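# Breakdown of the fold
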Amino acid sequence: MLANLLFSRQATLRWVVIDAVQRAWRRHQVIVPLYRRLATLAPDEQREIVLLRMAERERVHQQQYARMLSRLRAPLPEDRAMFDRAWLWLLPRCGPTIALRWAAWIEQRDARAILEAALLLNNQARVR
């Protein structure tokens, strides 16, 4: 009975980790093109280059999330194109400062959620 309860808790925590990584991957579906769109709107070439580099760095982060999901044997999340298009339409219109702050906030929130979920799963594994 206790073994089943521990397994159930560990399986639940595993899905919490998967959900956090899937959310981060999905949000990068917005962040990467957002940086690219902001680059096209940049007032000078130097800012354009910086934003394109940021987009590339975020693309690499998205690939890391995809590898995490693969190691967890979890699928990539479903495409939520309509919702993503709304963010991509709205954020550049808010200006680069707000758009960049939103992206940074989302990334910090996602990274914290993944870390907290992974720590819970790791602590549960130690209990066993």
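Here's a quick rundown of the structure.

What counts, and where the lines are drawn
- Residues numbered from 1 in each chain as written.
- Predicted model: local features only at pLDDT ≥ 70, side-chain atom pairs only at ≥ 80, totals over all residues.
- Heavy atoms only, no water.
- Helix = DSSP H or I, 4+ residues; strand = E, 2+ residues; numbered from the N terminus.
- Buried < 20%, exposed > 50% of the residue type's maximum accessible area, 1.4 Å probe, protein only.
- Lys, Arg positive; Asp, Glu negative; His and termini not counted.
- Salt bridge = Lys/Arg side-chain N within 4 Å of Asp/Glu carboxyl O.
- Polar contact = N/O pair within 3.5 Å; in protein donor to acceptor, adjacent residues only side chain to side chain.
- Contact = heavy atoms within 4.5 Å.
- Phe/Tyr/Trp six-rings, centres within 6.5 Å; stacked < 30°, edge-to-face > 60°.

### Brief notes about the side chain of glutamate 107
As for its position among the elements, glutamate 107 is in helix H4 (residues 96-127). No salt bridge is formed by the buried glutamate 107, whose closest oppositely charged neighbour, arginine 57, lies at an N-O distance of 4.4 Å. Within the local environment of glutamate 107, its side chain forms a polar contact with the side chain of histidine 28, the two groups lying 3.5 Å apart.

### Concerning unusual backbone geometry
The phi angle at arginine 73 is positive, at roughly 55°, despite the residue not being glycine. Among the structural elements, arginine 73 can be located in the loop between helix H2 (45-71) and helix H3 (81-94).

### Details of the environment of leucine 91
With respect to the helices and strands, leucine 91 occurs in helix H3. Accessibility expressed as a relative area gives 3% for leucine 91, which makes it buried. Sequence spacing of leucine 91 and asparagine 123 is 32 residues, and the spatial spacing of their C-alpha atoms is 38 Å. Once residues lying within four places of it in the same chain are set aside, the contact partners of leucine 91 are Leu34, Ala99 and Trp102.

### Examining the packing of aromatic side chains
Applying the stated rule across the entire model yields two aromatic pairs. With a centroid separation of 6.1 Å and an interplanar angle of 85°, the aromatic rings of phenylalanine 83 and tryptophan 87 are classed as edge-to-face. Placement of both phenylalanine 83 and tryptophan 87 in helix H3 is noted, with a separation of four residues, approximately one turn of the helix. What makes phenylalanine 83 partly exposed here is its relative accessible area of 44%. Members of the aromatic cluster, joined through ring pairs, are Phe83, Trp87 and Trp102.

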